[in-house]
Amino acid sequence: MVVENYDRIVEKISKKAGVEKDEIERRIEAKRAKLSGLISREGAAQVVAAELGISFDNETLKIEELLPGMRKVNTVGKIMGTSPVRTFKTKKGDDGKVANLFIADDTSNIKVVLWDTNHISLLETGKIGEGIVVEIVNGAMRENELHLGSFSELKITNAVIGEVNNEKVFRMKKISELKNLDNAKVRAFVVQSFEPRFFYVCPTCRKKAIQENGNFTCAEHGKVAGEKRALMNVILDDGTETIRAVSFHDNLKDLGITELENPSELMVQKENLLGKEMIFHGAMRNNKMFNTPEFIIGGIELIDADSLINELESN
Ligand SMILES: [Zn+2]
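Residues numbered from 1 in each chain as written. Predicted model: local features only at pLDDT ≥ 70, side-chain atom pairs only at ≥ 80, totals over all residues. Heavy atoms only, no water.

### Points about the side chain of asparagine 251
At step 1: Take asparagine 251: it is sitting in helix 5 (residues 249-252).
At step 2: When near neighbours in sequence (up to four residues on either side) are disregarded, asparagine 251 contacts Ile297, Gly298, Gly299 and Ile300. (Helix = DSSP H or I, 4+ residues; strand = E, 2+ residues; numbered from the N terminus. Contact = heavy atoms within 4.5 Å.)

In structure tokens, the structure reads:
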């Protein structure tokens, strides 16, 4: 998904600037190299676009193309959900209102924050709501949310949105930016790995099975044959901060950890993992036992060798 998004941005910049795609990509990689890789390719693409004097103003973008920092954003999406309207006191002491929409198109989905009472009244009067397709004009990206103020427009459109991408979006973040409950992607190195730990789950519902006298019980399914699962903690570092991350069974093989029952092989695999750079998708949670934040790994993208080589060459 990152790749598709990136390719589309490169394509757009190339067309608008009248510069070959290869040249745009070269500039992007050079920009990233200069910033020691601390900026995502999409972020670097935006910097390059700005340097070429290109703006995406007044162009309707797909949700996936919306990037942090973008101003005057236009997009179209189907409302998938709404939040209750909240009231608050403004600095001047007035009553302010805020509400959220969750919109999706075929590429992605995003939270839209409404600050303007006219927009909010559309929601309050039921003129807009779930299933309605809306057009947004002149929004502004704040981090990974699209904010609409009094200069923005929110209107119902008869544009047709068929299948929507309602999957959880994992946007690229730096470790230092991660907040509790965030779903995000981080590009980081594994700098430490710990011994795997084992536990048993119910084969039906996959919830933890309690072991008692060699038997396993599931709270819901009673006596079950416990299925052995593993988890492993690693420390990730992306140059901004480090974080403890947890990888469960299904992702361990992407980390190169397959020899769970073979201590000497396992040691070699754990060693090999150190210094590896990957893109980790996951969610931030507070570890209840230690009261520390941790990153629950939900998926791993291996960084493709070609882009790595390009980066090394442009250094
Ligand atoms: Zn069960």
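### Re the coordination of the zinc ion
At step 1: Only Cys202 (SG), Cys205 (SG), Cys218 (SG) and His221 (ND1) from the protein coordinate the zinc ion, and they sit 2.1 to 2.4 Å from it.
At step 2: Angles of 103 to 115° at the metal separate the four donor atoms of the zinc ion, which places the site in the tetrahedral class.
At step 3: If you list the donors of the zinc ion from N- to C-terminus, the spacing comes out as C-x2-C-x12-C-x2-H.
At step 4: Judged by its relative accessible area of 0%, cysteine 202 is buried. (Donors = N, O, S within 2.8 Å, 3.2 Å for Na, K, Ca; no water. Tetrahedral: all angles 85-135°; square planar, octahedral: opposite > 155°, others 65-115°. Buried < 20%, exposed > 50% of the residue type's maximum accessible area, 1.4 Å probe, protein only.)

### Re the pattern of salt bridges
At step 1: In the structure shown here, the tally under the stated rule is 16 salt bridges.
At step 2: One continuous salt-bridge network, built from bridges that share partners, spans Glu23, Arg26 and Arg27. (Salt bridge = Lys/Arg side-chain N within 4 Å of Asp/Glu carboxyl O.)

### Some details on the sheet that holds strand 14 (residues 222-224)
In sheet architecture, strand pairing relies on hydrogen bonds along the backbone and comes in two forms, parallel and antiparallel.
At step 1: Taken in spatial order, the three strands line up as 12-13-14 in an open sheet, and their pairing is antiparallel. The open sheet terminates on both sides in strands that have one partner only, identified here as strand 12 (210-212) and strand 14. Neighbour to neighbour, the strand axes of the sheet diverge by 40° on average, direction disregarded.
At step 2: Sheet topology places strand 12 next to strand 13 (residues 215-218); three bridges connect them, and they run antiparallel. Along strand 13, the bridge assignment pairs glutamate 212 with asparagine 215. (Pairing = 2+ DSSP bridges. Axes fitted to C-alpha atoms, helices over the stretch in contact; angles between N-to-C directions.)

### Examining the packing of aromatic side chains
At step 1: A full pass over the atoms with the stated rule returns three aromatic pairs.
At step 2: Between the aromatic rings of phenylalanine 88 and tryptophan 115, the centroid separation amounts to 5.9 Å while the plane-to-plane angle is 85°, which identifies the pairing as edge-to-face. With phenylalanine 88 in strand 3 (residues 86-89) and tryptophan 115 in the loop between strand 5 (109-114) and helix 4 (117-124), the pair connects residues that are 27 residues apart, well separated along the chain.
At step 3: In this structure phenylalanine 88 comes out as partly exposed when scored by relative accessible area, which is 31%.
At step 4: A ring pair is formed by tyrosine 200 and phenylalanine 216, whose centres lie 4.5 Å apart and whose planes are at 35°; its orientation type is tilted. One end of the pair, tyrosine 200, is in strand 11 (residues 197-201); the other, phenylalanine 216, is in strand 13, with 16 residues separating them in the sequence. (Phe/Tyr/Trp six-rings, centres within 6.5 Å; stacked < 30°, edge-to-face > 60°.)

### Digging into the packing of helix 2 (residues 21-34) against helix 3 (residues 41-51)
At step 1: Closest axis-to-axis distance for the helix 2/helix 3 pair is 9 Å, and the angle between their directions is 110°. When the interaxial angle is binned, helix 2 and helix 3 end up roughly perpendicular. Helix-helix and strand crossings are classified by hand; for helix 2 and helix 3 the assignment is right-handed. Contact residues: helix 2 offers Arg27, Ile28, Glu29, Lys31 and Arg32, while helix 3 offers Arg41, Ala44, Ala45, Val47, Val48 and Glu51.
At step 2: A breakdown of the residues in the contact of helix 2 with helix 3 according to their chemical character gives five nonpolar, no polar and six charged. (Parallel < 35°, antiparallel > 145°, perpendicular 65-115°, else oblique. Left-handed = near helix turned anticlockwise from the far one by under 90°. Nonpolar A, V, L, I, M, F, W, Y, C, P; charged D, E, K, R; others polar.)

### Some points on the pairing of strand 3
At step 1: Bridge analysis of strand 3 against strand 4 (residues 95-104) gives four bridges, and the strand direction is antiparallel. Looking across to strand 4, one finds that lysine 89 is bridged to aspartate 95.
At step 2: As consecutive antiparallel partners, strand 3 and strand 4 are separated by five residues, and within that stretch glycine 93 has a phi angle of approximately 95°, a positive value.

### Structural notes on the domain arrangement of the chain
At step 1: By domain assignment, the chain separates into domain 1 (1-54), domain 2 (57-167) and domain 3 (171-314).
At step 2: The gap between the C-alpha centroids of domain 1 and domain 2 is 27 Å. (Domains from an automatic or database assignment.)

### Focus: the environment of valine 169
At step 1: Structurally, the position occupied by valine 169 is in the loop between strand 8 (153-156) and strand 9 (171-172).
At step 2: Residue classification places valine 169 among the buried positions, given a relative accessible area of 16%.
At step 3: As a C-alpha pair, valine 169 and leucine 61 span 108 residues in sequence and 17 Å in three-dimensional space.
At step 4: Residues within four places of valine 169 in sequence aside, it is in contact with Ser108, Asn109 and Asn183.

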